[in-house]
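Below, each chain spelled out in residue letters.
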Amino acid sequence: MTELRGGLFTKALSLVIAMLASGVLIWFLNSPVFDVRNVAVHRADSSPPPAVDPASIEAAARRLIGENVFRIDAKAIKRHIQDLPGVADATVQVGVDGRATVTVAYEAPVANWVANGQSYLVNASGEVLAEQFEPKVPLTIEDDSVNPLVPGDVVSVGALIAAHQLQSNLPLLRVIPSHIRYSEGQLTVVDHAGRELDFGDTSQLDAKLVALYAVLEQANRLGERIASVDLRPIERPTYRTVDAPPLASKQNPRTP
């Protein structure tokens, strides 16, 4: 009988302890004492300054406020923040004291992309980060498209790469790009002397640069001042001089 009573007492004690533990756990999961009351957003030490509107990051982080620290899915919050335009990485840390810290690493803009009269910052993947112009970004591309852009849209990566290549290599030919224009897959550069260089599509840029060098050398030998160069026929590039007559405009045939 003694062993039976001892066993029943042990089971009862275990049941009481389990109920107490469950009660404590329920209290932990529901008590406002363990709700997040403060969220701080910091930039990672190795991160460039944010090109995106910080308000979008802070709005995503504020979702933590009022949530129980033991119920928060930090990985889901992290994924949500990482999906925002301009965010390369993020960490989310939550403490039992009700404080949460979000650390964000931002993507660096590589170009100003001007479309429809508005300038946008874009990253190396062509993603639009923000509606903004940053003079410290060395590359600016003028897009003739009339379609407005919003953060998260993607522009032509091929045009970005080609424009960067031209901006890096043209000075080697003593040609300093003043404007780089992109329209329907075609690239045109206007240089410091006002010369218009039509590169056509973004393919075979190395060959087009060689052809441009040959044209510039020939014009220099002949003492000609170039107004424009058409590099679309790589094998036979053409150019016009500043004193050449204007191109004849096409006239609609008259109907009798």
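Procedures and definitions
Residues numbered from 1 in each chain as written. Predicted model: local features only at pLDDT ≥ 70, side-chain atom pairs only at ≥ 80, totals over all residues. Heavy atoms only, no water. Pairing = 2+ DSSP bridges. Helix = DSSP H or I, 4+ residues; strand = E, 2+ residues; numbered from the N terminus. Axes fitted to C-alpha atoms, helices over the stretch in contact; angles between N-to-C directions. Contact = heavy atoms within 4.5 Å. Salt bridge = Lys/Arg side-chain N within 4 Å of Asp/Glu carboxyl O. Buried < 20%, exposed > 50% of the residue type's maximum accessible area, 1.4 Å probe, protein only. Left-handed = near helix turned anticlockwise from the far one by under 90°. Nonpolar A, V, L, I, M, F, W, Y, C, P; charged D, E, K, R; others polar.

Draft legend 1. Layout of the sheet that holds strand β12 (residues 238-241). Strand order across the open sheet formed by nine strands is β6-β5-β4-β7-β8-β9-β10-β11-β12, with mixed pairing between neighbours. Unpaired on one side and paired on the other, β6 (128-130) and β12 mark the two borders of the sheet. The average undirected angle you get between the axes of adjacent strands in this sheet is 25°. Bridge count between strand β11 (residues 226-230) and β12: four bridges; the pairing is antiparallel. The residue bridging I226 from the neighbouring strand is T241, located in β12. Docked against the sheet, helix α4 (residues 157-169) engages β4 (111-115), β5 (118-122), β7 (140-143), β8 (177-183), β9 (186-191) and β10 (196-200), running at close to 160° with respect to β8. Contacts from helix α5 (residues 205-222) reach β10, β11 and β12 within the one sheet, and its direction differs from that of β10 by about 150°.

Draft legend 2. Examining the sheet that holds strand β2 (residues 87-94) more closely. With mixed pairing, three strands are arranged side by side in an open sheet as β1-β3-β2. Each of the sheet's edge strands pairs with one partner strand only, and the pair in question is β1 (38-43) and β2. Going from strand to strand, the sheet's axes swing by 20° on average, the running direction of each strand aside. Against the sheet, helix α3 (residues 74-82) touches β2 and β3 (99-106), its axis set at about 155° to β2.

Draft legend 3. Inspection of the pattern of salt bridges at higher detail. On inspection of all chains with the given rule, the structure shows six salt bridges. Here E217 and R174 are joined by a salt bridge, their closest N and O atoms 3.9 Å apart. One end of the pair, E217, is in helix α5; the other, R174, is in the loop between α4 and β8, with 43 residues separating them in the sequence. Since its relative accessible area comes to 62%, R174 is described here as exposed. With a shortest N-O distance of 3.2 Å, D201 and K208 are connected by a salt bridge.

Draft legend 4. Molecular detail of the packing of α4 against α5. Between α4 and α5, the shortest axis-to-axis distance is 11 Å and the interhelical angle comes to 35°. The chirality of how α4 crosses α5 is right-handed. Contact residues: α4 offers A162, Q165, L166 and N169, while α5 offers L205, D206 and L209. Each residue belonging to the contact of α4 with α5 can be placed in one class, and the counts come to four nonpolar, two polar and one charged.

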